[in-house]
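Chain residues, written in single-letter form:
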Amino acid sequence: MSARFAQWASLSPWSIISFSVGSLRQLLTNGYALIPLVYTGWQQGFNSPWLLLVAAGLVLATLSYASLQWAKYRYRLQDAKLGIRQGLVFKRAQEIPLNKIQNVRLEQPLYFRPLGLYSLVVETAGSKQDEAVLAAVNYRQAMLLKKHLFASQYLQTSPEAMPADGESTAHVNEPLQAGVAATTASVQTWRQGEGLVVAKDLKALLIFGLYHNNLVWLSIISGSIIGQVDWESLGQTSLVQGVWHWYQANVATGLVYQILAALAALALLALLLSLISIASAVLKYYPYRLSLRQGTLHRTGGILAKQQDALRLHRVQLVRFEQPAIGRLIGRWTVHFEQVKGNEVEQLSKRHLLIPSMTQTEIPQALDRLDGLATKANALPDRYQGIDSGWLWRRAIPLALLPVVMTLLLGLSPFTELLFGFTLVALIGLYLNYRQWGYHLAGDDCWIHTGVLGQTWQLVPLSKTQDACISQTPGQRRKSLASLHLGLASGPLVIPYIPLEEARLIAETALNLTREDPTNWI
């Protein structure tokens, strides 16, 4: 370990900005900090000098608190551990083993960009929040810290994980360097797969924002805003009147024209509701670059806040290929690399490191470059074996009986008619879910397919399985069926109502692979 980081060190004074922003975010989130400000303004009509005094007091208190946080923050790298000391009244000391670090994320918030500074975020497996944030470090220092944080992982992995040619190896122990000399050929072969994996331009990110959004929730939020519009006054404007007369003269004359106009209006509405998602995708990911170096995935991008995320390939538990309904229409997929459940790379949205807007032909090209993954698959399957219909009937029959029973008890009424309508929609959704739930076993990999209108493939390397459980209900036992539960560090997976022999085959394959590699999960 380099002596440069072996002693306790403080952060740059510029980190006070980061501590201040964090404190303000926490105060605004909790809400109670605004009580004196709002109360003073309410009492004085928001014109009193007391309002400015309260606001200035909050800003001064925040800066003072942030300054004390900076003064009490210390870090060091020693004995293959990252040590952190912080806290004012309640002091906190952390010792993070370097081999337990899962992600190292490099961020550049907007307020650090003019200064050329970054925040180095350290995450460990299973953590619900960032383990450590080293704020206000320059790029050279951040990259040097990042290399040292992964140093112990070089010692525990194969020689292929050594630094690239030309980089300093002073921090690596001499026995490992001797081992590298004996395996030069394998290192060179491995490095041929390094470099850029995927790059996405502006057009691809615009498409990603279009298909990867939640129109339902955005519609609910926009509904409250639309309710405040004075539609009566709006309808009297010359523009609206002109559009209405054009509609009556050109569209209302035929049923086909009305259907086409309705579809166009729905498409326009969906596009308007997607604008926020599109803008968010561009601001967060552009220009998107995913590269592979020293067995680690590095993602860069972001306009407002530049980000550099890092994820070791051997920590990936499964790969998920997601295609929402709109993505299915235009043939685009989103690839997620799911790691140990806890604090994922996509921290705020609790999503995993992803590749946006992938076509069917781009997926094999990307997988071929990721030799360090536990899985050996390089393309999406073209088929899957569905689950037994017993899964559908066990859920559909009680659901269908509900409106019938309510009608017998209450009689036919608007309520029961509405209940019939909701039940019909639920049954259609249940059937679509049943039709798309299936699995495909390919060597040491298991594919799980799910979906309703969209579809999702989950690629499970069985060597990453922590436990396998086979359960049977009395009905399943009579038909020689079972439900298979696979436990991974990224979360549990279930394949219901499959043949018992198939469930045993998948479970035994997973347990045999795990028995040979007891440290597979991380």
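Every chain is numbered independently, its residues counted from 1 as its sequence is written. With the structure being a predicted model, the display of local features is reserved for residues of pLDDT at least 70 and the display and counting of side-chain atom pairs for 80 or more, all residues being used for whole-chain, interface and lining totals. Note that the side-chain values use all heavy atoms of the structure and ignore hydrogens as well as water.

Enquirer: What's the story with the sheet that holds strand β11 (residues 318-323) in this structure? I'm lost.
Expert: Taken together, 7 strands build an open sheet; the order of strands is β13-β12-β11-β17-β16-β15-β14 and the sheet is antiparallel. Pairing within the sheet leaves two strands with one partner each, and these edge strands are β13 (353-358) and β14 (385-386). Across 5 bridges, the pairing between strand β15 (residues 438-442) and strand β16 (residues 445-450) is antiparallel. Of the residues in β16, the one forming a bridge with Y439 is I448. In what follows, a contact means two residues having at least one pair of non-hydrogen atoms within 4.5 Å. Inter-axis angles, ranging from 0 to 180 degrees, are taken between N-to-C directions of lines fitted to C-alpha atoms, where helices are fitted over the stretch in contact. The helix count covers DSSP runs of H or I at least four residues long, the strand count covers runs of E at least two residues long, and both are numbered beginning at the N terminus. Across the sheet, helix α8 (residues 202-211) is in contact with β12 (333-338) and β13; its angle to β13 comes to roughly 100°. We call two strands paired when DSSP finds no fewer than two bridges between them.

Enquirer: Help me out: how do you make sense of the sheet that holds strand β6 (residues 132-138) in this one?
Expert: Paired through their backbone hydrogen bonds, the strands of a sheet run either parallel or antiparallel. Spatial strand order, β6-β5-β4-β10-β9-β8-β7: 7 strands in an open sheet with antiparallel pairing. Edge positions in the sheet fall to β6 and β7 (195-200), since each has one partner strand and no second. Averaged over neighbouring strand pairs, the angle between their axes works out to 15° when direction is ignored. The pairing of strand β4 (residues 101-108) with strand β5 (residues 117-124) spans 6 bridges and is classified as antiparallel. Bridged to N103 within β5 is E123. In the packing of helix α12 (residues 255-285) onto the sheet, contacts are made with β8 (288-293), β9 (296-301) and β10 (306-312), and the angle to β9 comes to roughly 115°.

Enquirer: Explanation requested: α8 in the structure shown.
Expert: One turn of the α-helix equals 3.6 residues, which is why residues spaced by three or four share an orientation. Buried, partly exposed and exposed residues are distinguished by accessible area as a fraction of the type maximum, computed with a 1.4 Å probe on protein chains only: under 20%, between the cut-offs, and over 50%, respectively. Among the residues of α8, A204, L205, I207, F208, G209 and Y211 are the ones counted as buried. Lining the buried residues of α8 we find β7, α12, β8, α13 (325-330), β12 and β13.

Enquirer: Could you clarify how one ought to interpret helix α16 (residues 414-436) in this entry?
Expert: Here α16 spans 34 Å end to end across 23 residues, near enough to the 33 Å set by a 1.5 Å rise per residue. Of the positions making up α16, those classed as buried are T416, L419, T423, L430, Y434 and Q436. Contacts made by the buried residues of α16 are with α13, α15 (390-410), β15, β16 and β17 (455-461). Multiply 1.5 Å by the residue count of a helix minus one, and that product is the helix's expected span.

Enquirer: Is there a simple way to explain the confidence of the model for the chain in this structure?
Expert: Keep in mind that low pLDDT regions are not for reading the predicted coordinates in detail. For every residue, the predictor states its confidence as a pLDDT score lying anywhere from 0 to 100. Across the chain, the average pLDDT comes to 79, with 78% of residues at 70 or higher. Taken together, the stretch residues 154-193 has pLDDT below 50 and engages in 49 contacts with residues farther than four places along the chain or on a different chain.

Enquirer: Would you mind showing me how to read the pairing of β12 here?
Expert: Note on strand geometry: in a regular strand, side chains alternate between the two faces of the sheet. Taking burial as the measure, the 6 residues of β12 include 6 buried ones, the bulk of the element. Where β12 meets β13, 4 bridges bridge the pair, whose relative direction is antiparallel. Across the sheet, residue V335 finds its bridge partner in β13, namely I355.

Enquirer: How should I be thinking about empty space enclosed by the protein in this particular structure?
Expert: By rolling a water-sized probe across the atoms, one finds the places where empty space is left. Two kinds of site are reported from a 1 Å grid over the protein atoms alone, namely cavities, where a 1.4 Å probe fits but cannot get out, and pockets, open sets with protein on both sides within 12 Å along at least five of seven lines, and residues are called lining when an atom falls within 4 Å of a point. Grid points are joined across faces, edges and corners, and a volume is the space filled by probe spheres set on the points. Counted according to the given criterion, the structure contains 2 cavities of 30 Å³ or more. Along its surface, the second largest cavity is lined by F321, V335, F337, I355, M358, I363, A366, L367 and L370. Counting residues per element, the ones that place at least two in the lining of the second largest cavity are β12, β13 and α14 (362-368). The greatest single-element share of the lining of the second largest cavity, amounting to 3 residues, is contributed by α14. Residues belonging to the lining of the second largest cavity are distributed by class as follows: 9 nonpolar, no polar and no charged. Just so you know the grouping, Ala, Val, Leu, Ile, Met, Phe, Trp, Tyr, Cys and Pro go in nonpolar, Asp, Glu, Lys and Arg go in charged, and all remaining residues, Gly too, go in polar.

Enquirer: Would you explain the environment of L318 in this entry?
Expert: Within the fold, L318 resides in strand β11. By relative accessible area, L318 is classed as buried at 1%. In this structure, L318 is in contact with H336, F337, E338, Q458, L459, V460, P461, L488, S490 and L493, ignoring residues within four places of it in sequence.

Enquirer: How should I be thinking about the packing of aromatic side chains in this particular structure?
Expert: Two aromatic rings are characterised by how far apart their centres lie and by the angle between their planes. In this scheme Phe, Tyr and Trp rings, the latter by its six-membered ring, pair at centre separations within 6.5 Å, and the angle between planes marks the pair as stacked below 30 degrees, edge-to-face above 60, and tilted otherwise. Per the stated rule, a full pass over the model turns up 12 aromatic pairs. Considering the side-chain rings of F19 and Y73, the 6.0 Å spacing of their centres and the 50° angle between planes classify their relative orientation as tilted. Of the two residues, F19 sits in helix α1 (residues 15-30) while Y73 sits in the loop between α3 (49-71) and β1 (74-78), which places them 54 residues apart along the sequence. In this structure Y73 comes out as buried when scored by relative accessible area, which is 3%. Measuring from centroid to centroid gives 6.3 Å for Y431 and Y434, while their planes differ by 50°, and the two rings are tilted. Of this pair, Y431 and Y434 both sit in helix α16, 3 residues apart, roughly one helical turn. With a relative accessible area of 40%, Y431 lands in the partly exposed category. Grouped by ring-pair contacts, the aromatic residues F208, Y211, Y285 and Y288 constitute a single cluster.

Enquirer: Hey, could you run me through the pattern of salt bridges in this one?
Expert: Pairing of side chains with opposite charge becomes possible as their charged atoms draw close. Just to be clear on terms, a salt bridge is a Lys or Arg side-chain nitrogen sitting within 4 Å of an Asp or Glu carboxyl oxygen. Inspection of every chain in the model, using the stated rule, returns 8 salt bridges. Between D309 and R105 there is a salt bridge, and its shortest N-O distance comes to 3.9 Å. Separated by 204 residues along the polypeptide, D309 in strand β10 and R105 in strand β4 bring together distant segments of the chain. Taking relative accessible area as the criterion, D309 reaches 1% and is therefore assigned buried. Accessibility expressed as a relative area gives 2% for R105, which makes it buried. A salt bridge links D388 to K479, with the shortest nitrogen-to-oxygen separation between them at 3.0 Å. Here K479 lies in the loop between α17 (474-478) and β19 (481-488) and D388 lies in the loop between β14 and α15, a separation of 91 residues in the sequence. With relative accessibility at 49%, the residue K479 sits in the partly exposed group. Among the charged side chains, a salt-bridge network with shared partners connects R105, E107, R299 and D309.

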